[in-house]
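Single-letter residue listing:
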Amino acid sequence: MRPTDQELRSPAGPGAAHPGTAAHPGTTDTGRAPLPGPRDAVREPASGAAVADPAVPDPAVVDPGVLDPAEGAFARDPFPYYAALRTRGPAARVELANGSSAWLVTGYEQTRAVLSDPRFSNVPPQGAGRPKPDSPAQRARACLARHMLNSDAPDHTRLRRLTAAAFTPRRVDALRPRIEELTAGLVGELVDRLERDGSADLVDVFAFPLPVLVIGEVLGVPEADRADLREWTYRVGSPADALAQGEVDEAWTRLHGYFTSLIAEKRRAPGEDLFSALVHDSSEGGLDDGELLAMAFLLLFAGYETTMNLLASASLLLLTHPEELAAAQGDPGRWPAVVEEALRHASPLEGTTWRRTTEQVDLGDGVVIPAGSSVLAVLAAANRDPAVFPAPDAFRPDRYADGATGPVGAVGPGSSGDGASAVGPVQGPDGVGPEGPVNPESAVGPACPADAGSNPGPAGRRTGTRAAAHAAFGHGPHFCVGSRLARLEAAVALPLLFDALPGLRLAADPGELPYRPGLLVRGPRRLPVTPGDDERSDAVSR
């Protein structure tokens, strides 16, 4: 979620964490997510030519000193900073603009080590954050404190097993027809907007509403309530200056009341949705109403945030790399590789939830992190570690293409197959989850086949020409439980979008697009586009 502007100037830390992202040290205001904000003026690109990857400055000339995560240039392109920071080592202590300090982990191997080591705790310390005045909206926000990203084993193990049991591959894959239907409807609306206005914001019209609608399916929200869910979610995710005073608090209160009623309704009359399965799962004691309420918020916010940024960033990459778009349009089997490389190159989660060391930890390479330190594993930096990914700043879907990764299973829109579980590592100490042993790096299946059939070693390295498993969904016990769903949405939505609008053009300088500030999530806040000269709008089912 997006904190206040003041809080954006502090690092994400061990306070109450935003689902799927992180909270800032010393804060508990998790009331906003970085969603589409005010429509700023944009400049048209000079021509329709491809936009090359921006040159990355020599790390030696970038000062990895005091870090201000809210600074616009850093938000747009944090990678020169991370590259410079990596020259200090795979993890380094950083001074932050708010006067605090934290350890940022930028190395691929060290990121995986931190995320699988129980000495790095996810539990916020007692009394973390500034006290907030009591209000219905603040009580609604406080419900998030019980979600599983703020827990360690054994509590996390129980919550994770119950959640993963609802997100089985079979249940997730069954959503494909509905995702295709929802995508077609949004693409139709986008075509209408482009025909009427000549331009549209791809985030506002496409990348944001699709995952919210899909999460509505997951939660079993009735069709009649979907418009309200979309509106409330937009409000709580809007910047503070984008709405009238009180609108955000009202939306939080409405969401709290709605989910409370939804849980009661699911207990009375369960449906076929994944949330009903969670409500009625009595194994390991099941989830109480408070845990279910936290889970509903977690599924809503984490569910749309990651996928929204993935869809927006992948679209931007394709619009600025027309040769890669043409290759995917000419060979639908390449789309899964496009999704995987977009996840690596433009990680929708910039960092994980913040950890705190319970004791001194030696990460190797001379890096010793003291006990009680705030530590952020920077997924975006790990995914561009040059020791693991050759030419890390280049967008090259071939890294994850069929020939580069070996057997990949079913691919492309409409494909089906069994595949491995993509719910991530939900195992306990014995390494066994609800469906048997789970390996997060090989847990992909038909929606994300780039890793299927592979056998990564302890560091996730591939043999021969195979690409390393990216860290976009994390690693270890907190590996993203919704990774399969996010990949499925992207694998369905991107081909449908560009098939309907093959000549879609970016209507702004990519170097000036506003990005979500902070160390939590990463993606363009707006993505203005215009139609091509020869759009096949008749391909869309209206």
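Fair warning: this is a prediction, and the values are worked out from it, not measured in the lab.

1. Remarks on the overall build of the protein
Helix and strand counts for the protein stand at 18 helices and 12 strands. Looking at the 542 residues of the protein, the share that counts as buried comes to 61%. Taking the intrachain contacts of the protein between residues at least 6 apart in sequence as the baseline, contacts between residues at least 24 apart amount to 75%. When the accessible surface of the protein is totalled, it reaches about 19,700 Å², and 51% of it is carbon and sulfur.

2. Details of the sheet that holds strand S2 (residues 101-105)
With mixed pairing, five strands are arranged side by side in an open sheet as S1-S2-S8-S5-S3. Both edges of this open sheet fall to strand S1 (91-95) and strand S3 (120-121), since each of them pairs with a single strand only. Of the pairings in the sheet, the one linking S2 to strand S8 (residues 374-377) comprises three bridges and is parallel in character. In the sheet register, tryptophan 103 faces S8, and the bridge partner there is valine 375.

3. Structural notes on the environment of leucine 115
Examined against the element boundaries, leucine 115 turns out to sit in helix H3 (residues 108-116). Taking relative accessible area as the criterion, leucine 115 reaches 5% and is therefore assigned buried. Between the alpha carbons of leucine 115 and histidine 478 there is a distance of 7.6 Å; along the sequence they are 363 residues apart. Contact partners of leucine 115, with chain neighbours within four places excluded, come to Thr352, Arg355, Ala377, Leu379, Gly474, His475, Gly476 and Pro477.

4. Quick look at the nonpolar core
Among the nonpolar cores identified, the biggest contains 103 residues, and Phe259 and Phe275 are the most heavily contacted of them. With 20 residues, helix H13 (residues 289-320) is the largest single contributor of residues to this core. Once residues within four sequence positions are removed from consideration, phenylalanine 275 is found in contact with Val218, Leu219, Leu262, Ile263, Lys266, Leu292, Ala296 and Leu299. Counting 17 residues, the second largest nonpolar core, distinct from the first, contains Ala102, Leu104, Trp354 and Val378.

5. A word on H13
For H13, built from 32 residues, the straight-helix expectation of 46 Å at 1.5 Å per residue is met to within 8% by its first-to-last C-alpha distance of 46 Å. Its side-chain oxygen 3.0 Å from the backbone nitrogen of glycine 290, aspartate 288 forms the N-cap of H13.

6. Re the packing of helix H11 (residues 247-268) against H13
The geometry of H11 relative to H13 is characterised by a closest axis approach of 10 Å and an angle of 120° between their N-to-C directions. When the axis of H11 is compared with that of H13, the two are oblique. Viewed along their axes, H11 and H13 form a crossing whose handedness is right-handed. Contacts between H11 and H13 involve Trp252, Leu255, His256, Phe259, Thr260, Ile263 and Arg267 from the former and Asp289, Leu292, Leu293, Ala296, Phe297, Leu300 and Phe301 from the latter.

7. Overview of the confidence of the model for the protein
Here the protein averages 77 in pLDDT, and 72% of its residues register 70 or above. Ignoring residues within four places in sequence, the model shows residues 403-464, a span with pLDDT below 50, making 161 contacts including any to other chains. Within the model, pLDDT remains below 50 along residues 536-542, and this stretch shows 19 contacts once partners closer than five positions in the same chain are excluded.

8. Overview of unusual backbone geometry
Between alanine 153 and the following residue, proline 154, the backbone shows a cis peptide bond with an omega angle of 5°. With respect to the element layout, proline 154 can be found in the loop between helix H4 (136-142) and helix H5 (155-166). Phi is positive for glutamate 284, close to 55°, though the residue is something other than glycine. Its place among the elements puts glutamate 284 in the loop between helix H12 (274-280) and H13. Accessibility expressed as a relative area gives 46% for glutamate 284, which makes it partly exposed. Positive phi, normally seen in glycine, also occurs at alanine 391, with a value near 45°.

What counts, and at which threshold
Residues numbered from 1 in each chain as written. Predicted model: local features only at pLDDT ≥ 70, side-chain atom pairs only at ≥ 80, totals over all residues. Heavy atoms only, no water. Helix = DSSP H or I, 4+ residues; strand = E, 2+ residues; numbered from the N terminus. Buried < 20%, exposed > 50% of the residue type's maximum accessible area, 1.4 Å probe, protein only. Contact = heavy atoms within 4.5 Å. Areas by Shrake-Rupley, 256 points an atom, 1.4 Å probe, with all protein chains shown as cover. Pairing = 2+ DSSP bridges. Core = buried A, V, L, I, M, F, W, Y, C linked by side-chain atoms within 4.5 Å. Expected span 1.5 Å × (residues − 1). Polar contact = N/O pair within 3.5 Å; in protein donor to acceptor, adjacent residues only side chain to side chain. Axes fitted to C-alpha atoms, helices over the stretch in contact; angles between N-to-C directions. Parallel < 35°, antiparallel > 145°, perpendicular 65-115°, else oblique. Left-handed = near helix turned anticlockwise from the far one by under 90°. pLDDT = per-residue confidence, 0-100.

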